[in-house]
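Architecture and fold: a report
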Amino acid sequence: MMRTLAIDIGGSGIKTLVLDESGQPQTERNRVETPQPANPDLVINAIVSLANQQGEFDRASAGFPGVVRAGVTETAVNLDPTWIGFDFAKALSDRLGKPVRVVNDADMQGMGAISGQGVELVITIGTGFGSALFLNGKLVSNLEMGHHEFRNEETYEQQLGRAALDRVGQKKWNRRLEKAISSLKNLFNYDRLYIGGGNTNKVTIELPPNVKIVPNVSGLLGGIVLWRD
Ligand code: BGC
C-alpha cells in the first residue's frame, strides 16, 4: 500500500497525517506551532520531526501558505521572506528521502473539499486569507485574492485575516465575512463556495445553502489528490 504523508503549513501551526491510496487517514494528525522565524530551515526541521512520529510513508504532499510554482515557493507573506525563490519540493524531498509535491495551501484544502462539479470557489480564513477556484474538479487557479483589494482600501487578508479578527472582534469580522461572501458571489457566480481555515469556528453568520464550512482536516486530506495523475 502506498502511503502519503500530508503536510499543512500554516502561519500558526504545522500539521501532518498519513493517508492511504484512497485518501483515508491512517494515523492521528499531529501538530506543532510554526517556528519563529518561520524560515525554510526551521520549518523543514519541524516537518521532519512531525514526520518521524508518523511512521512509514512513501511520498509526501505539502500545502504551503504562499504562491508555489513547480515546487518553488515564490511568496510567503505570513512566514518569512527567505522562502522567496526557494526550491522547497527539492529541499524537503532531500530531507525526507521521499518524493515530495508542494502546492498552495488553499489549493490543497480545496482538493480535499470540493464535489468536482461546476464552479467551486474555496476560501480559507486563518492567519492569512487563501483562495482557489475549481471548474469541474480541475484547479483553474490559486487566486491570491487575499492580497486583492476588498473594501475601505484594504485587502481581503487585511480585513479578514487573523490580525483583523483579533483587532476588530468576532462580531465585526463576521459582518465583513458576510460582505465578502456576497461580493464573491457576484464576481464568480459559483455553484458552491467552501470556507476552510483555522478561524471557521468563529463564523456565526447564517450561510446561504450553497456555502459550506469545511473541516480543517481537508487541508490535509487534499494531499492525496496531488498524486492522482
Ligand atoms: C497567501 C496565500 C495563502 C493564504 C492562506 C496568503 O497570505 O498569499 O498564498 O493561500 O495566505 O495561507
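Residues numbered from 1 in each chain as written. Predicted model: local features only at pLDDT ≥ 70, side-chain atom pairs only at ≥ 80, totals over all residues. Heavy atoms only, no water.

**Focus on the site of the ligand**
Every residue close to the ligand is listed here: P65, G66, N78, N104, D105, T124, G128, F129, G130, E144, H147 and E157. N78 is positioned with one of its side-chain polar atoms (N or O) 3.3 Å from an oxygen atom of the ligand. Interatomic distance of 2.6 Å between a side-chain N/O atom of D105 and an oxygen atom of the ligand. Within the complex, 96% of the 310 Å² of free accessible area of the ligand lies under protein. (Near = heavy atom within 4 Å. Polar contact = N/O pair within 3.5 Å; in protein donor to acceptor, adjacent residues only side chain to side chain. Areas by Shrake-Rupley, 256 points an atom, 1.4 Å probe, with all protein chains shown as cover.)

**Digging into the pairing of strand β11 (residues 138–142)**
On a regular strand, each side chain points to the face opposite its neighbour's, so the side chains alternate between the two faces of the sheet. For strand β10 (residues 129–135) and β11, the ladder comprises 4 bridges, and the chain directions are antiparallel. The residue bridging F134 from the neighbouring strand is L139, located in β11. (Pairing = 2+ DSSP bridges. Helix = DSSP H or I, 4+ residues; strand = E, 2+ residues; numbered from the N terminus.)

**Comments concerning the sheet that holds strand β9 (residues 119–125)**
On the basis of which strands lie adjacent, the open sheet formed by 5 strands has the order β11-β10-β9-β14-β15 and mixed pairing. Looking along the sheet, the strands with just one partner apiece sit at the ends: β11 and β15 (211–213). With strand direction ignored, the average angle separating the axes of adjacent strands in the sheet is 25°. Across 7 bridges, β9 lies against β10 in antiparallel orientation. Within the sheet, the bridge partner assigned to L121 lies in β10 and is L133. Lying on the sheet, helix α6 (residues 170–188) is in contact with β9, β10, β14 (192–196) and β15; it crosses β9 at an angle near 155°. (Axes fitted to C-alpha atoms, helices over the stretch in contact; angles between N-to-C directions. Contact = heavy atoms within 4.5 Å.)

**Focus on the sheet that holds strand β6 (residues 72–73)**
Strand order in the open sheet formed by 3 strands is β5-β6-β7, and the pairing between neighbours is antiparallel. Unpaired on one side and paired on the other, β5 (68–69) and β7 (86–87) mark the two borders of the sheet. Relative to β7, β6 runs antiparallel, the two sharing 2 bridges. Pairing of T73 across the sheet is with F86, part of β7.

**Side note on the packing of aromatic side chains**
Tallying each qualifying case throughout the model produces 7 aromatic pairs. Centroid distance F64 to F88: 5.8 Å. Interplanar angle 55°. Geometry classified as tilted. Of this pair, F64 sits in strand β4 (residues 59–64) while F88 sits in helix α2 (residues 88–96); the two residues are 24 residues apart in sequence, bridging distant segments of the chain. Summarising the burial analysis for this pair, F64 and F88 share the class buried. Ring pairs connect the aromatic residues F64, W83, F86 and F88, which therefore count as one cluster. Here the basic side chain of R151 rests over the ring of F150, its NZ or CZ set 5.9 Å away from the ring centre. (Phe/Tyr/Trp six-rings, centres within 6.5 Å; stacked < 30°, edge-to-face > 60°. Buried < 20%, exposed > 50% of the residue type's maximum accessible area, 1.4 Å probe, protein only. Lys NZ or Arg CZ within 6 Å of the ring centre and 35° of its normal.)

**Details of unusual backbone geometry**
In this structure, the amide linkage connecting Q36 to the following residue, P37, adopts the cis form with an omega of -10°. As for its placement among the helices and strands, P37 is situated in the loop between β3 (30–33) and α1 (40–52). One non-glycine residue, N136, lies in the positive phi region at around 45°. With respect to the helices and strands, N136 occurs in the loop between β10 and β11. A relative accessible area of 52% places N136 in the exposed class.

**Thoughts on α1**
For α1, built from 13 residues, the straight-helix expectation of 18 Å at 1.5 Å per residue is met to within 8% by its first-to-last C-alpha distance of 18 Å. For α1, the complete set of buried residues consists of P40, V43, I44, A46, I47, V48, L50 and A51. Looking at the buried residues of α1, the elements they touch are β1 (4–9), β2 (13–19), β3, β7 and α2. (Expected span 1.5 Å × (residues − 1).)

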